[in-house]
Structures are given as structure tokens and as C-alpha cells.
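# A structural walkthrough
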Amino acid sequence: MKIFGKSLHSLTGKLLVLIGSLFIISGSIAWYVFTFYTKEKLMDEAIKYAGSFVELTKKSTHYGMQNNQRETIQETIKAIGIAEGIRKVRIFNPEGKIAYSSKVDDIGSFVDKSDPTCQSCHVSPIRHPLGIEPQRLTVFKKAPWIITEGQGERLLKFVTPIYNEPSCYTAKCHVHSKNVKVLGLMEMDFSLSLIDKAIWKQTTFITVFGAIFAFVLSLSLCLILYKLVSKPVTLLADGMKEVASGELDYRVEINTKDEMGMLAQTYTRMTKELKAAREKLEGWTRALEEEVAKKTEEIRKSHEQMIHTEKLASLGRMAAGVAHEINSPLTGIVTFAHLMLKRIPPENKLDREDLEVIIEQAERCSKIIKGLLGFSRATPSEKRLLNINEVINRSIRMVSSKADFHNIKFEINMDDTLPPVAGDLSQLQQVFLNILINASDAMNNRGAIHVATRRVFENETAFVEVEFTDTGPGIPEEHLEKLFEPFFTTKPVGKGTGLGLAVSHGIIQEHGGTITAKSERGKGASFFIRLPIAEVN
């Protein structure tokens, strides 16, 4: 939908709809209040005028009633009844018999009980049997209300009681006793045609004037919005489109001193700065490409050195702790166990079996240390078929004897039917050890590490997937993308080099696989390593 060529979603369209709605709502309220006030004011004046006329008529007949001059009263009523705007004047007694009337034919007849005049005294004004809605209705008091005749003319009806005043019951001609309160009722009907015409003319004038005023104001508003808002905004939008397409020489001509002019000046400065920045950026890009090519070769040469360096760093930390805790007492345990075994008689089988267990476990520790020393030696990369489960178990055995892992529980769930993978045992073991040590550090040496292996498929290619999940605090989301960058670490100074995961990432890539990480704060971290299944001839 469009208004004056502009979409409702445009700034001009929204302003037109918003301000137009405010005009319509406020104008409608003002029109209603003003017409209602005018109507009420005119009606109040009509009622006031009619009430004064009723009192005048009542006083005009007062003398004739006291002196029982019936002809004089009738002539007075008849003369008043032919005045402009007076439709009917009549006087009747409490029984409803008409004594005087501006319509001579009504004299002597009785008022119909369903007539509004009778209902004013004998029926509650709230539920009138004829459906009449009186405005002011009080029994035995002046009570004007509005009725409509058959021709559609509205009448203002007044019914006022004629009380038995002292001047009445003390007169010689008076036949009523002092105890009678009301002698009769005077009824007068006033036409509201003149008032209705005045109200209609006033309402029509206000409506026409308001419509013309709203039209002129709306037209002026449209012109102002087009000149001050729509046209400048359109020019600026076109300029932005040109800039987005790469045309930085496009100019916006808005020569005003208001906010739109300031925006145009800002746009011009922005395009100049963007053009200068683009030229500078292109120069930087060329220089950066040359530098990247140079550094790439250097990184390739240093990558192999980093692999061995991180392996020695990881094993150095682990081997130093194991050797310090185990190797010192190990020699003494084995030596004295053999001496005690020689001194124990052959028939003491129970003690001899215990000593043999001690010797066996000590020799097992010796084998673990030999494995660590063998792993730490620099050996050339040699890929061969490997059972990934055996590599993982070997890595777990190497760390399980370390003090940092005494309070860590391993939950192992491996698939025994996995096919072999082609890889370097030492390098893959280095990756697994690095992940296990990182998990221990993250959990402060307490918790559980879940290790699982499975076969997965990606793009119709089969892989062996290894999962390491710890129960640590997790890795912040903003750090996940930087985990495998060289020298990035979340460990405190002196505890990590920031090369372990970067080296591990390089090793897995060299094996044709991938390594990824997932984590939620407070729910630990998971590392997934995928290695391609080897082709067996």
C-alpha cells in the first residue's frame, strides 16, 4: 500500500499515517465535544426560555382564577396558544378533565391515561410505558421532557402544578378546602424545530470547516514532509546504494543548513575517507600477501621442530614427576624384597607369595619408566598400521601412575571391532597424552575422563573417531575458535606453552584427519579426533 507515492514502510509514510491518525482522532474528539456542547447549550437556553414562558402564563391566569373569570382565562390561554413556537396550552383538574385549552375542542374532555402528561405523575420516569425518555421529571414540579410527534417534530413538554395557595382557598369564590394541595395542572408544548435547525446548521458548519481545515493541513504536511524529509532521505539512500556497489565518487547535493544538510556533508566526508582507506588497504594487501608467502615457508620448516619440542615438553613434565615419585624408592623396594625372599624358608609360602607380588609390581613400575624414556627419545616419523584402542590404552597406562591422575576416574567405552588406521605411534600417543594432561589440569586433578572410540561416516567416507570428555569447568565460547592457534593458552603463566593443541592439530592434519572441540560452561569439554581408516591390501 502506498500513500502519495510512498510506501507505508518509508519514513514519510509512517509520519503521514502517525500524524494523520493524530489529526483524525483529535479532530473527531474536538468535533464531538464542540457539537455536544453547542447542542446542550441551545437546549438549556430553550428550556430556560420555555420555563419563563410557563411562569408568565401561570401568572397571567392567576387573577382570572381567583375571581372565577373563566372566559378571561380561556381567552388568555387561546391568545398564548397562537404564539410562535407554542403548539398546545391546556389546564385540567387532578381527575384529568380539561377545563381550558388553546384548542377549544379539547375543553370538557379527559386526558388519556397513557398520555405523557399523566405518566409524568403516575409512572416511574425510569421505565416509561411509552418509551419516553424524560430529561428532568419530578412529580408535582415543573418537569420538561422531549417527545416526538407523528410528523417527526420534537416538542418540549412542560407540566406544572397549580397549587392551592392561601390567596386561593381564602377567596370568596373558591370551593376547595384548605387541605387540598393541588388544584390542577397546566400543560404547555413548545416546538423545538428552530433549535433543531440551529443545531443542524451548527453541526454542518463545524463538519465542513473541519474537513476543509484537515485537508489543507494534510496537504501542507505532505508538501513539508516531501521537501524536508522524503526527498533528502531518498537522495541519501541512493548515495548509500552507490557506495555499497563500490562507487565512491557519487555525490549527494543537499544544500541546507539543517540536519539533512549535516548528513549530506557527513556522507561526503565518509566517501572521501572510504576511498582513501580502500587505496591504503589495497597497498597493505599486496604487501601482506608477499609477507604471508615468506612466513608460510618459515612456518613449514619450523612446524616439524615444534612437534618434537612439544612432545619433549609434555613428557618432560610427566616423566620428571613419575621418576621423582617412583624411581627413588623403586630400587630399594626391589633389592630388599629379593633379600627378604632369600631369608624366608621355603615352607613359609604365604610370606614368599607376598614378596613375589611386591617384586612383580616393582618390576612393572620399572617397565613403565622404560616406556616413558623410550617415548621421549626423538625418532623419525614412521607410519604403520595401528590399533587405535591399543594406542589409547598405552597412553592411559602412562599417565595413570602419575600423581596428578590418582583422583581421576577413567570411563572407557571402546569399539573392539574398529579397523586399523595408518599413523605414527609416537606422534598419535603425543596427541592423546597432551589432551589427557590438559583435561587433568582443567579439573584440578579431580574428576572423570570419558574415553570412547567409534566408527563414523562423513561424506560417504569412513573414519575412526576418538572422543575425550572431561568433567571440568568447560571452555569459554569465545576461546573455542582460538584453541588450536600457536601460543594461545588459558593456563596460568608458567604452566603451559600454548603449543600443545597447535602441535596436536598439525599432527592430526598430517595424518589426514581432523580435531575439533565442543564445550559448555560448567559442563566440561570434549575433543573429537577423526582419523581415516587404513586401506589393507
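Everything that follows concerns the structure shown earlier in this document.
Described below are features of the structure shown in this document. (Residues numbered from 1 in each chain as written. Predicted model: local features only at pLDDT ≥ 70, side-chain atom pairs only at ≥ 80, totals over all residues. Heavy atoms only, no water.)

What follows is about the pairing of strand β13 (residues 514–519). By the bridge criterion, six bridges tie β13 to strand β14 (residues 525–532) in an arrangement that is antiparallel. Considered in β14, the bridge of Lys518 is made with Ser526. Here β13 folds back onto β14 in antiparallel fashion, the turn holding five residues, of which Gly522 has a positive phi close to 85 degrees. (Pairing = 2+ DSSP bridges. Helix = DSSP H or I, 4+ residues; strand = E, 2+ residues; numbered from the N terminus.)

This next bit is on the sheet that holds strand β11 (residues 447–458). In spatial order, the strands read β9-β11-β12-β14-β13; together these five strands make up an open sheet with mixed pairing. Both edges of this open sheet fall to β9 (408–413) and β13, since each of them pairs with a single strand only. Put simply, the sheet's adjacent strands are angled 20 degrees from each other on average, direction ignored. Set on the sheet, helix α9 (residues 425–442) makes contact with β9, β11, β12 (461–470), β13 and β14; between it and β14 the angle comes to about 170 degrees. Packed onto the sheet, helix α11 (residues 500–510) meets β13 and β14 and runs at close to 25 degrees relative to β14. (Axes fitted to C-alpha atoms, helices over the stretch in contact; angles between N-to-C directions. Contact = heavy atoms within 4.5 Å.)

With that out of the way, let us pick up the packing of aromatic side chains. Considering all chains together, one arrives at four aromatic pairs under this definition. Relative to Phe209, the ring of Phe205 has its centre 6.1 Å away and its plane inclined at 15 degrees; by these criteria the two rings are stacked. On the criterion of helical spacing, the pair formed by Phe205 and Phe209 is a turn pair, its members being four residues apart in helix α5 (residues 193–244). Here Phe205 matches Phe209 in class, with each residue exposed. Aromatic side chains Phe405 and Phe410 sit 6.2 Å apart centroid to centroid with 10 degrees between the ring planes, which places their arrangement in the stacked category. The residue whose ring lies beneath Lys518 is Phe528, and the NZ or CZ to ring-centre distance is 5.6 Å. (Phe/Tyr/Trp six-rings, centres within 6.5 Å; stacked < 30°, edge-to-face > 60°. Buried < 20%, exposed > 50% of the residue type's maximum accessible area, 1.4 Å probe, protein only. Lys NZ or Arg CZ within 6 Å of the ring centre and 35° of its normal.)

Relative to the assigned elements, Ile24 resides in helix α1 (residues 11–66). The class of Ile24 is exposed, set by a relative accessible area of 59%. The spatial distance from the C-alpha of Ile24 to the C-alpha of Ala211 is 9.9 Å, given a sequence separation of 187 residues.

A separate point is the nonpolar core. Of all hydrophobic cores here, the largest spans 39 residues; its most connected members are Ile388, Phe432, Ile449 and Ile529. Put simply, the parts of the chain that give this core at least two residues each are α8 (388–400), β9, α9, β11, β12, α11 and β14. Once residues within four sequence positions are removed from consideration, Ile449 is found in contact with Phe405, Ile408, Lys409, Phe410, Glu411, Leu436, Ala439, Met443 and Thr469. Counting residues in hydrophobic clusters, the runner-up holds 22 residues, among them Met43, Ala50, Ile73 and Ile162. (Core = buried A, V, L, I, M, F, W, Y, C linked by side-chain atoms within 4.5 Å.)

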